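# Coordinate inspection notes
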Amino acid sequence: MAITTSRRASHPLRGLISAVQFLTRIPISTPADETFDLAAAAAWFPLVGAAIGLTTGGVIWLAAHVWSAWPAVVLGLVCEALLTGALHEDALADVCDGFGGGWTRDDVLRIFEDSRVGSYGVLGLCLAVLLRADLFASLAPGNVVAAAMASATLGRWAILPAMAALAPIAGRSSLAEQSSHKLGGRQVLFGSLLALPGVLPMAWLLPVRLVCAGAVLLLLVPMAAAYFRRRLGGLTGDCLGALCYLAQLGVLASAAAGWTP
């Protein structure tokens, strides 16, 4: 698809379709000359994330009626990887490799471009996936779907304020570069409203833990944005994907905390 910011591309339904196409492997055909507007698509990321979380949590919940927690969680994560193409896991591995092995800005960006996965990427990704699986396994069965939806929703919502705060690094073909400017406040507000369906179940079942998750994101997003600004001077698609995954871990950690509010 061509990348532009035409009126047709920025239509709200066009943004929803683009968000589904980008975040999932669901086959949705579009005309050959259809355009892609990241700003319009990104605003829909939280809603698409809610659907992804509902799928992951639903599979875990159903499988837990047949097997114990860990096999059920593994099945849920496998289904999610098939649905999303492991998009954010790939970004997390690249970021671990880039920032772990790169000393300079040019080194980091060069490593981002390398399709191979190094030791930092393997270790970071394995630990992150294991942590996420363990957090899911430690949840009460009745809270799994709500926590999965909230984490998937807020993880993709975290992309929006980061895009509003930092401009994409020029000259790179990536998610961030597909927008020639920062995300506007209206898109962030629209995306925040679309996040509500994904967080309402957790707000009903685990309200205090949801507040804690919000506090985690209020710390994580500006800290990550400041780090990306200091190391790179802007954003790449890998940075956004890694931020999404870390935000999901933060929400899940809050939901699975062992203390009683």
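Bear in mind that the values here come from a model prediction, so they are computed numbers and not experimental data.

### A look at the packing of helix α3 (residues 45–63) against helix α8 (residues 144–157)
Two elements in contact, α3 and α8, have axes whose closest approach is 7 Å; the angle formed by their N-to-C orientations is 150 degrees. As judged from the angle between their axes, α3 and α8 are roughly antiparallel. The interaxial crossing formed by α3 with α8 has right-handed handedness. Each of F45, P46, G49, A50, I52, G53, L54, G57, G58, I60 and W61 in α3 lies in contact with α8, whose residues at this interface are V144, V145, A148, M149, A152, T153, R156 and W157. Tallied by class, residues from the contact of α3 with α8 come to 13 nonpolar, 5 polar and 1 charged.

### With respect to the packing of aromatic side chains
Enumeration over the complete set of coordinates arrives at 6 aromatic pairs. Consider the rings of F99 and Y227, whose centres lie 5.1 Å apart with planes at 65 degrees: the pair is edge-to-face. Within this pair, whereas F99 is found in helix α5 (residues 87–101), its partner Y227 is found in helix α12 (residues 207–231), the two being separated by 128 residues in sequence. Residue class for F99 comes out buried when judged on its relative accessible area of 13%. Every member of this aromatic cluster is reached through a ring pair, and the members are F99, F112, Y227 and F228.

### Things to note about empty space enclosed by the protein
Which parts of space are left empty comes out when a probe the size of a water molecule is rolled across the atoms. For the structure on display, the rule yields 2 cavities of 30 Å³ or more. Empty space within the second largest cavity amounts to approximately 40 Å³. With 3 residues, α5 is the single largest residue contributor to the lining of the second largest cavity. Each residue belonging to the lining of the second largest cavity can be placed in one class, and the counts come to 2 nonpolar, 3 polar and 3 charged.

Conventions adopted
- Residues numbered from 1 in each chain as written.
- Predicted model: local features only at pLDDT ≥ 70, side-chain atom pairs only at ≥ 80, totals over all residues.
- Heavy atoms only, no water.
- Axes fitted to C-alpha atoms, helices over the stretch in contact; angles between N-to-C directions.
- Helix = DSSP H or I, 4+ residues; strand = E, 2+ residues; numbered from the N terminus.
- Parallel < 35°, antiparallel > 145°, perpendicular 65-115°, else oblique.
- Left-handed = near helix turned anticlockwise from the far one by under 90°.
- Contact = heavy atoms within 4.5 Å.
- Nonpolar A, V, L, I, M, F, W, Y, C, P; charged D, E, K, R; others polar.
- Phe/Tyr/Trp six-rings, centres within 6.5 Å; stacked < 30°, edge-to-face > 60°.
- Buried < 20%, exposed > 50% of the residue type's maximum accessible area, 1.4 Å probe, protein only.
- 1 Å grid on protein atoms, 1.4 Å probe; cavity = no way out; pocket = protein on both sides within 12 Å on 5 of 7 lines; lining within 4 Å.
- Points joined across faces, edges and corners; volume = space filled by probe spheres on them.

Purely geometric numbers; function is a separate question.
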